[in-house]
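Each chain, letter by letter, is given below.
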Amino acid sequence: MPDSYNAQHIQILKGLEHVRKRPSMYIGTTGSEGLHHLVYEVVDNSIDEALAGHCTVISVTIEKDNIVTVKDNGRGIPVDLHPLEKISALEVVMTRLNAGGKFDKKSYKVSGGLHGVGVSVVNALSEICEVFVHRDGKVYYQKYKRGIPVKDVKVVGESKARGTVTRFKPDRTIFKEINFSFDTLSNRLRELAFLNKGIKISIADERKEISYFSF
Ligand code: 0RA
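My aim in this report is to walk through the structure given alongside it, one point at a time. (Residues numbered from 1 in each chain as written. Predicted model: local features only at pLDDT ≥ 70, side-chain atom pairs only at ≥ 80, totals over all residues. Heavy atoms only, no water.)

**Description of the packing of helix 3 (residues 32–51) against helix 6 (residues 182–195)**
Helix packing for two helices is described by the angle between their axes and how far apart those axes are.
(1) Moving on: In the contact formed by helix 3 and helix 6, the axes pass within 11 Å of each other and the chain directions differ by 25°. Our classification of the angle between helix 3 and helix 6 gives roughly parallel. Of the two possible hands of crossing, helix 3 and helix 6 adopt the one that is right-handed. Along the contact surface, helix 3 presents His36, Val39, Tyr40, Val43 and Ile47, while helix 6 presents Thr184, Leu185, Arg188, Leu189 and Leu192. (Axes fitted to C-alpha atoms, helices over the stretch in contact; angles between N-to-C directions. Helix = DSSP H or I, 4+ residues; strand = E, 2+ residues; numbered from the N terminus. Parallel < 35°, antiparallel > 145°, perpendicular 65-115°, else oblique. Left-handed = near helix turned anticlockwise from the far one by under 90°. Contact = heavy atoms within 4.5 Å.)

Below, the structure written as structure tokens:
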């Protein structure tokens, strides 16, 4: 159904465009708070997976150039092809507003205080975003520029592990500054670790010599 695919595709582009035009509607500010909110949004998805009983470890790494990687050992975002739309569920989650990580959101949002706007908003506000899904013995991968997939989801390797790795670089044309604060992020993650006992949460800062915390 190429027509409906096109209609769907246009809706997705419109959604991403709206996020980029009115970012504060989705993340509050384009200052430091909004910037850090991107990380919380991604981490929240992993916490949801932990609350569903499938994830025990979450790690956050601030890489050089203010690229953030969030890794969890959950089931991995589903990658199966949508029967009608013929695109991967991963692509749907990453590009469609409100698709979120979970299809039933209400029961999961316990991890605290955020709008829960979904990872597609983070994707739309990132210059580059990449997702690696370890599932069914394989590593699935997709890359996005400003929220738009560069290619279809593809298998890039084999893996015995399970989980999701989301790596993103905030778009400096959207944010006033893209410098992440290790203190701000580690304080928030410490709180999340306290609120969600049983999940191992850690943060590393590769911009400096060595800064690493585990909660
Ligand atoms: C939807 C369904 C399933 C897992 C997830 C979403 C999921 C999302 C995120 C986001 C970050 N980490 C995540 N881990 C899992 C369950 C799929 C299944 O039934 O196997």
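Once the structure has been displayed, the description carries forward.
**A look at unusual backbone geometry**
(1) Moving on: With a phi close to 60°, Asn66 is a non-glycine residue in the positive phi region.
(2) Moving on: With respect to the helices, strands and loops of the structure, Asn66 is situated in the loop between strand 1 (57–63) and strand 2 (67–72).
(3) Moving on: Even without being glycine, Asp136 reaches a positive phi, approximately 50°.
(4) Moving on: Tracing the sequence through the fold places Asp136 in the loop between strand 3 (126–135) and strand 4 (138–145).

**With respect to helix 6**
(1) Moving on: Here helix 6 contains 14 residues, and its C-alpha end-to-end distance of 20 Å stays within 8% of the 20 Å for a straight helix at 1.5 Å per residue.
(2) Moving on: Listed in full, the buried residues belonging to helix 6 are Phe182, Leu185, Ser186, Arg188, Leu189, Leu192 and Ala193. Along the axis of helix 6, the buried positions cluster into a sector of 165°, meaning they face one direction only. Exposed side chains of helix 6 directed beyond 90 degrees from the buried face belong to Asp183, Phe194 and Leu195.
(3) Moving on: Buried residues in helix 6 make contact with helix 3, strand 1, strand 8 (200–205) and strand 9 (211–214).
(4) Moving on: For helix 6, the N-terminal cap is Ser181; the gap from its side-chain oxygen to the backbone nitrogen of Asp183 is 3.3 Å. (Expected span 1.5 Å × (residues − 1). Buried < 20%, exposed > 50% of the residue type's maximum accessible area, 1.4 Å probe, protein only. Arc of directions from axis to C-beta. Polar contact = N/O pair within 3.5 Å; in protein donor to acceptor, adjacent residues only side chain to side chain.)

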